[in-house]
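Structure at a glance
What follows is the residue order along each chain.
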Amino acid sequence: YISRLCTCLDDLILPLCSHLAPRLSDELVLEVLGTVAKRLEVSLKKCRFTALGALSLDSDMRDLLNYAKDRLDAQEYHSNVVLVRACTPLARLMQIAKLLNVDDLEDVLDLVTASKRKGNWDLTLEDTKSYLCLRLEFESGRIHDLLRLPEGQD
């Protein structure tokens, strides 16, 4: 799906980018990717994932990230960190893929804590819970118990 999506994006974007200055071309690519990422996130909420499906999603998200790096002219966007900071919806997709790929629910707290400490975690607690509930192997009761916060915190 992602390879076909990237081909369609090329058909749409590349003719426009050829007439734009590099900085404007990069802005166009980032805006289109942001819109695509938001649409993909909405679609993901309607799916259920096995461990294998989560691995496939991670691979697809990496392909999308590499597509973005290949289409952007500015050298700074060739870094994953800079690219996901420039396109928050893409960052969210990468976080969702990481979250769905945890082997055990106990690893979720480590992932979220470490990512928040680095300043690269955009998912709320409710988002985290709802995406973990998409994994078939995880029981929603255990997810809610694990991610329960005291009143007034988030």
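Just above sits the structure.
Predicted, not measured: the structure shown is a model, and the values here were computed from it.

1. A few points about the state of the cysteines
Summed over all chains, the structure comprises zero disulfides. Cys 6 carries a free sulfur, and the closest cysteine sulfur to it, the one in Cys 8, is 9.4 Å from it. Free of any disulfide, Cys 133 has its nearest neighbouring cysteine sulfur in Cys 47, separated by 15 Å.

2. A look at the packing of helix H3 (residues 51-71) against helix H5 (residues 88-100)
Remark: H3 packs on H5, axes separated minimally by 8 Å, with the N-to-C direction vectors making an angle of 155 degrees. Taken together, H3 and H5 sit at an angle that is classed as roughly antiparallel. Of the two possible hands of crossing, H3 and H5 adopt the one that is left-handed. Contact residues: H3 offers Ala 54, Leu 57, Asp 58, Met 61, Arg 62, Leu 64, Leu 65 and Ala 68, while H5 offers Leu 90, Leu 93, Met 94, Ala 97 and Leu 100. Tallied by class, residues from the contact of H3 with H5 come to eleven nonpolar, no polar and two charged.

So, how was this worked out
- Here the residue numbering is sequential within each chain, running from 1 through the sequence in written order.
- Since the coordinates come from a predicted model, pLDDT governs what is reported: local features require at least 70, and pairs of side-chain atoms require 80 or more to be given and counted, while whole-chain, interface and lining totals use all residues.
- Values shown for side chains rest on all heavy atoms present in the structure; no hydrogens or waters enter the calculation.
- A pair of cysteine sulfur atoms is labelled a disulfide when the two atoms are within 2.5 Å.
- As a rule, the C-alpha atoms of each element are fitted with a line to give its axis, helices using only the stretch in contact, and angles between N-to-C directions run from 0 to 180 degrees.
- Numbering goes from the N terminus for both helices and strands, where a helix is a DSSP run of H or I of at least four residues and a strand is a run of E of at least two.
- Small angles under 35 degrees read as roughly parallel and large ones over 145 as roughly antiparallel, with 65 to 115 read as roughly perpendicular and the rest as oblique.
- Handedness of a helix crossing follows the sense of rotation of the near helix relative to the far helix, less than a right angle counterclockwise being left-handed and clockwise being right-handed.
- Residue contacts follow a heavy-atom distance rule, with two residues in contact if any of their heavy atoms lie within 4.5 Å.
- In this count, Pro and Cys sit with the nonpolar residues alongside Ala, Val, Leu, Ile, Met, Phe, Trp and Tyr, while Asp, Glu, Lys and Arg are called charged and the others, Gly among them, polar.

Keep in mind that these numbers describe shape and distance, not what the molecule does.
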